[in-house]
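The primary structure of each chain is shown beneath.
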Amino acid sequence: AQKITQTQPGMFVQEKEAVTLDCTYDTSDQSYGLFWYKQPSSGEMIFLIYQGSYDEQNATEGRYSLNFQKARKSANLVISASQLGDSAMYFCAIATGSSASKIIFGSGTRLSIRP
Amino acid sequence: EAQVTQNPRYLITVTGKKLTVTCSQNMNHEYMSWYRQDPGLGLRQIYYSMNVEVTDKGDVPEGYKVSRKEKRNFPLILESPSPNQTSLYFCASGRKTQYFGPGTRLLVL
């Protein structure tokens, strides 16, 4: 069965430090996609970054990068130079199944940035 | 502006009273999906649609119906809501970049 595990329920980080949010996944599919989303306290879901299983390079989007280690089945999110506005819930998700159409989310990590 | 809209944003209803939550996107996406979010459980996929007239079950489809008659619209139907369907519901569209709607908070009494 497909599964996403986020082992850090909560994290505190000092402003301007880099932070790594852990995500491991379990799938027997060869083709899949990995996502990270941010959910601020206002409740909206914001797409951050996507990594395809066949992408050789780690995905990057501004201050966000995805550290993709296929053999370890991990897809950690790295936020460089954290800001107060980064305080939010972060969800990792995997798209699997036929045409990578089924999406499974992890339980999330609550990130708090200290000034 | 790329947008996914959901209506209503908030809804209080009673057990058994049929309701529909609408979802519309303006990005010409083929893929759309519905999720529910419950505390401690993250988001769980209810149904998804690969294209018009093509829908399939996600992880938690029981008690829900969907239809996809037009590309832009993907309504979620609760034929006989029950209190365990009290939740925050999100509609989303797109594949590699999923755009989410603002969410619908549903309370079933």
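Residues numbered from 1 in each chain as written. Chains lettered and ligands numbered in written order. Predicted model: local features only at pLDDT ≥ 70, side-chain atom pairs only at ≥ 80, totals over all residues. Heavy atoms only, no water.

Draft legend 1. Up close: the pairing of strand β11 (residues 104-108) of chain B. Residue and element names in this part refer to chain B. On β11, burial follows the alternation: Thr104, Leu106 and Val108 on one face are buried, whereas Arg105 and Leu107 on the facing-out side are not. Strand direction decides the pairing type here: strand β2 (residues 10-13) and β11, joined by four bridges, are parallel. Paired with Tyr10 across the two strands is Arg105, which belongs to β11. Note that strand β9 (residues 87-93) and β11 share three bridges and pair antiparallel. Bridge assignment links Ser87 to a residue of β11, and that residue is Leu106. (Buried < 20%, exposed > 50% of the residue type's maximum accessible area, 1.4 Å probe, protein only. Helix = DSSP H or I, 4+ residues; strand = E, 2+ residues; numbered from the N terminus. Pairing = 2+ DSSP bridges.)

Draft legend 2. Quick peek at the nonpolar core. Formed by 26 residues in total, the largest nonpolar core has its most connected members in Tyr25, Leu34, Trp36, Ile49, Leu77, Tyr90 and Leu111 of chain A. Residue assignment for this core shows that the elements contributing at least two residues are β2 (10-14), β3 (19-21), β5 (33-39), β6 (46-52), β8 (64-69), β9 (74-79), β10 (88-96) and β12 (109-114) of chain A. For Ile49 of chain A, the contacting residues outside a window of four places in its chain are Leu34, Phe35, Trp36, Ala59, Thr60, Glu61, Tyr64, Ser65, Leu66 and Leu77 of chain A. Judged by nonpolar contacts, the second largest core, of 19 residues, contains Val21, Val60, Leu76 and Tyr89 of chain B. (Core = buried A, V, L, I, M, F, W, Y, C linked by side-chain atoms within 4.5 Å. Contact = heavy atoms within 4.5 Å.)

Draft legend 3. Local environment of the interface of chain B and chain A. Across the boundary between the two partners, chain B contributes 18 residues, which contact 17 residues of chain A. Summing both partners gives a buried area of about 1500 Å² for chain B against chain A, and 57% of it is carried by carbon and sulfur. Contact with chain A buries area across many residues of chain B, yet Leu43, Lys96 and Phe100 of chain B alone supply 29% of it, more than any other trio. On the surface where chain B and chain A come into contact, there are zero salt bridges. For the interface between chain B and chain A, the tally reads seven residue pairs in polar contact (both at pLDDT 80 or more). Listed by contribution, the elements that provide at least two residues to the side of chain B that touches chain A are β4 (32-38) and β5 (42-51) of chain B. (Buried area = accessible area lost by both parts, 1.4 Å probe. Salt bridge = Lys/Arg side-chain N within 4 Å of Asp/Glu carboxyl O. Polar contact = N/O pair within 3.5 Å; in protein donor to acceptor, adjacent residues only side chain to side chain.)

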